[in-house]
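An overview of the molecular structure
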Amino acid sequence: MKDDAPTFALKFFLRLFEIIPSAAKRFSFLRDSNLPLDKNPKLKAHAMGVFVMTCEAATQLRKTGRVNVGANTSVQHLASVHFKAGVADVHFEVLKFALLETIKEAVPYMWSEELKEAWSESYDHLVVAIKNEM
Ligand code: HEM
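The name recorded for the protein in an unreviewed UniProt entry is Non-symbiotic hemoglobin, from Rhynchospora pubera.

See below:
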């Protein structure tokens, strides 16, 4: 998956918009752009951010047993950006579903309950950290 991470990252965000089309309106750069969603570089960058931060959360959980958001951006900043943009619980929930579905499609031969739980746990810890600040 690492070789094609931007494509997978974008794919799981497009899945979110398929399920909740109005979620796209939360993004200022989508509201102000005529580019097709899959060609928008800023959307790709946000999708990669979520993907990478979930991976980092997994590493931190393994090393220290907890998730410490803040390597590149503070959790307070992240919470404030998402709060102001009107991101709600349902968006985080559906994004998780889309993330798991994308991974399952990307590496079907590796997919297992254990792998699903590992990604779910990392994502949940990261989101709890952001939502607590929101
Ligand atoms: C912005 C990460 C989930 C919507 C951002 C930024 C990061 C980020 C790093 C850039 C902050 C900045 O401007 O400095 C994450 C992570 C998520 C997550 C780690 C989950 C684990 C979501 C979800 C939505 C969302 C579910 C729902 C639609 C947005 C919006 C912005 C943003 C609207 C502001 C973009 C703009 O208009 O400039 N996010 N995000 N995020 N995120 Fe997320």
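Next comes the rest of the account.
1. Here we look at the pattern of salt bridges
For the structure shown, the criterion picks out six salt bridges. Between lysine 39 and aspartate 38 there is a salt bridge, and its shortest N-O distance comes to 3.6 Å. Residue classification places lysine 39 among the exposed positions, given a relative accessible area of 54%. With relative accessibility at 37%, the residue aspartate 38 sits in the partly exposed group. A network of salt bridges, in which partner residues are shared, links Arg15, Glu18 and Glu101.

2. Some points on the nonpolar core
Core analysis: the largest hydrophobic core is formed by 39 residues, its most contacted members being Phe12, Phe13, Leu16, Phe17 and Phe51. Breaking this core down by element, the ones donating at least two residues are α1 (5-19), α3 (41-64), α4 (75-84), α5 (89-106) and α6 (113-133). Ignoring sequence-local partners within four residues, the contact set of phenylalanine 13 consists of Phe27, Leu43, His46, Ala47, Val50 and Leu95.

So, how was this worked out
- Along each chain, numbering runs from 1 in the same order as the chain's sequence is written.
- In keeping with the predicted nature of the model, local features appear solely for residues at pLDDT of at least 70, side-chain atom pairs appear and are counted solely at 80 or more, and the whole-chain, interface and lining totals rest on all residues.
- Working from all heavy atoms in the structure, the side-chain values ignore hydrogens and water.
- Between Lys or Arg on one side and Asp or Glu on the other, a salt bridge is scored when a side-chain nitrogen of the former is within 4 Å of a carboxyl oxygen of the latter.
- Burial classes: relative accessible area under 20% of the type maximum marks a residue as buried, over 50% as exposed, and values in between as partly exposed (1.4 Å probe, protein chains only).
- We call a set of buried residues a nonpolar core when its members are Ala, Val, Leu, Ile, Met, Phe, Trp, Tyr or Cys and they connect through side-chain atoms within 4.5 Å of each other.
- Helix numbering and strand numbering both begin at the N terminus, where a helix is a DSSP run of H or I of at least 4 residues and a strand a DSSP run of E of at least 2.
- Note on contacts: a residue pair is in contact if any heavy atoms of the two residues lie within 4.5 Å.

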